[in-house]
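Descriptive structure summary
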Amino acid sequence: YERAFEYFTKAADFGDLPAQFILSLIYREGLGVEKDEKMELYYSEEAAISGDPIARCSLGCKEGENGRYYRAVKHFIIAAKLGH
């Protein structure tokens, strides 16, 4: 995991959309790193802003879990418009 994490981080720093989303999953699951909700959210947001519909949907789920339903719906609508 250590080597993959290093390469995904470099790719994400260059704006690579799949790497950004994969890093969010790595931080969420704690794969080779400590679980870190802030970093998970950071990379999910980066991927969503870059146009990843799955990341956008993931943000919607997170907002819904936190009781921010209006924001959740906005994320789901954007994800749907992106083809998810």
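Higher on the page you've got the structure.
These notes cover the structure that comes with them. (Residues numbered from 1 in each chain as written. Predicted model: local features only at pLDDT ≥ 70, side-chain atom pairs only at ≥ 80, totals over all residues. Heavy atoms only, no water.)

Bringing helix α1 (residues 2–13) into the picture now. The terminal C-alpha atoms of α1 lie 17 Å apart, and with 12 residues this matches the ideal 16 Å at 1.5 Å per residue to within 8%. A positive phi of about 90° marks Gly15, the residue just after α1. (Helix = DSSP H or I, 4+ residues; strand = E, 2+ residues; numbered from the N terminus. Expected span 1.5 Å × (residues − 1).)

Attention shifts here to the pattern of salt bridges. Summed over the entire model, instances satisfying the criterion amount to 6 salt bridges. The salt bridge partner of Glu6 is Lys10, with a shortest N-O separation of 3.6 Å. Note that Glu6 and Lys10 are positioned in helix α1 at a spacing of 4 residues, about one turn of the helix. Given a relative accessible area of 37%, Glu6 falls into the partly exposed group. Classification of Lys10 as partly exposed rests on a relative accessible area of 45%. Among the salt bridges present, the one from Arg71 reaches Glu63, with a minimum N-O distance of 3.3 Å. Classification of Arg71 by relative accessible area gives partly exposed; the value is 45%. One continuous salt-bridge network, built from bridges that share partners, spans Glu37, Glu40 and Lys62. (Salt bridge = Lys/Arg side-chain N within 4 Å of Asp/Glu carboxyl O. Buried < 20%, exposed > 50% of the residue type's maximum accessible area, 1.4 Å probe, protein only.)

Grouped together as the largest cluster of nonpolar side chains are 7 residues: Ala12, Ala19, Leu23, Ile26, Tyr27, Val33 and Tyr43. With 4 residues, helix α2 (residues 17–29) is the single largest residue contributor to this core. Beyond its immediate sequence surroundings of up to four residues, Tyr27 is in contact with Phe5, Val33, Glu34, Lys35, Asp36, Met39, Glu40 and Tyr43. In terms of nonpolar packing, the next biggest core, distinct from the first, is built from 5 residues, Phe21, Ala47, Ala48 and Ala55 among them. (Core = buried A, V, L, I, M, F, W, Y, C linked by side-chain atoms within 4.5 Å. Contact = heavy atoms within 4.5 Å.)

With that settled, the discussion passes to the side chain of Arg56. Note on placement: Arg56 falls in helix α4 (residues 53–65). Buried and unpaired, Arg56 has Glu45 as its nearest opposite-charge partner, separated by 8.4 Å. Polar side-chain contacts of Arg56 include one of 3.3 Å to the backbone oxygen of Ala48. Dropping the residues within four chain positions of it, Arg56 is found in contact with Ala48, Ile49, His75, Ile78 and Ala79. (Lys, Arg positive; Asp, Glu negative; His and termini not counted. Polar contact = N/O pair within 3.5 Å; in protein donor to acceptor, adjacent residues only side chain to side chain.)

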